[in-house]
Amino acid sequence: MDDCAYLWYYICATEFFRPVHPEPMMNPSKAIRTALAEALVHNYPFAGRLKEMLAGWLAVDCTAQGVVFVEAHADVLLEDFGQPPLPPYPCVEELLCEVNEHTPVVGNPLVYIQVLISY
């Protein structure tokens, strides 16, 4: 990892999901937040921060500072992103939180998750 400069920055991935069942379901944000909390118990380094060591090596500092979780709402439909949704997505800059591939990971949360609920 230390020799791969691209891993010192965030990698953005966008995933789209449709409800499996048409009936009302559990709030997807709550379900993902609950699963994330349970996953972090066993994968606690993800709740830490990267720090730069001597000679430019990276290490995970298990600070338990947590990850960033954002719930957002938008007046947009999945169909607005194309069928199937393929990048580049229209108006994606307006939909996602302010982390991009130029934000350095060192000293910042390792994981940013945003759940966008459309209506």
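Below is a summary of the structure that appears in this document. These numbers come from a predicted model, not from an experiment.

This part is about the overall build of the chain. Helix and strand content of the chain: two helices and four strands. If you list the helices and strands of the chain from N to C, you get α-β-β-β-α-β. Across the 119 residues in the chain, those meeting the buried criterion constitute 24%. Carbon and sulfur atoms make up 61% of the accessible area of the chain, which amounts to about 8700 Å² in all.

On to the environment of L40. Tracing the chain through its elements places L40 in helix α1 (residues 28–42). Residues L40 and V67, spaced 27 residues apart in sequence, show a C-alpha to C-alpha distance of 9.1 Å. Setting aside residues up to four positions removed in sequence, L40 forms contacts with F46, A47 and V67.

Taking 1.5 Å as the rise per residue, α1 with 15 residues should run 21 Å; its terminal C-alpha atoms sit 22 Å apart, in good agreement. Taken residue by residue, α1 has S29, L36 and L40 as its buried positions. The arc enclosing the buried residues of α1, seen along the axis, measures out at 35°, which places them on a common side. Residues of α1 that are exposed and angled more than 90 degrees away from the buried face: K30, E38, V41 and H42. Where α1 is buried, its residues contact β3 (68–74) and β4 (112–118). The N-cap of α1, judged by a side-chain oxygen 2.8 Å from the amide nitrogen of S29 a few residues on, is N27.

What follows covers the packing of aromatic side chains. By the definition in use, this model includes four aromatic pairs. Look at F16 and F81: their rings are 5.1 Å apart centre to centre, the planes differ by 40°, and that puts the pair in the tilted class. Taken as a pair, F16 in the segment before α1 and F81 in the loop between β3 and α2 (92–95) lie far apart in primary sequence, 65 residues in all. Taking relative accessible area as the criterion, F16 reaches 26% and is therefore assigned partly exposed. Overall, the relative accessible area of 9% leaves F81 in the buried class. Centre to centre, the rings of F16 and Y89 are 5.1 Å apart; their planes meet at 70°, and the pair counts as edge-to-face.

Rules and cut-offs
Residues numbered from 1 in each chain as written. Predicted model: local features only at pLDDT ≥ 70, side-chain atom pairs only at ≥ 80, totals over all residues. Heavy atoms only, no water. Helix = DSSP H or I, 4+ residues; strand = E, 2+ residues; numbered from the N terminus. Buried < 20%, exposed > 50% of the residue type's maximum accessible area, 1.4 Å probe, protein only. Areas by Shrake-Rupley, 256 points an atom, 1.4 Å probe, with all protein chains shown as cover. Contact = heavy atoms within 4.5 Å. Expected span 1.5 Å × (residues − 1). Arc of directions from axis to C-beta. Polar contact = N/O pair within 3.5 Å; in protein donor to acceptor, adjacent residues only side chain to side chain. Phe/Tyr/Trp six-rings, centres within 6.5 Å; stacked < 30°, edge-to-face > 60°.

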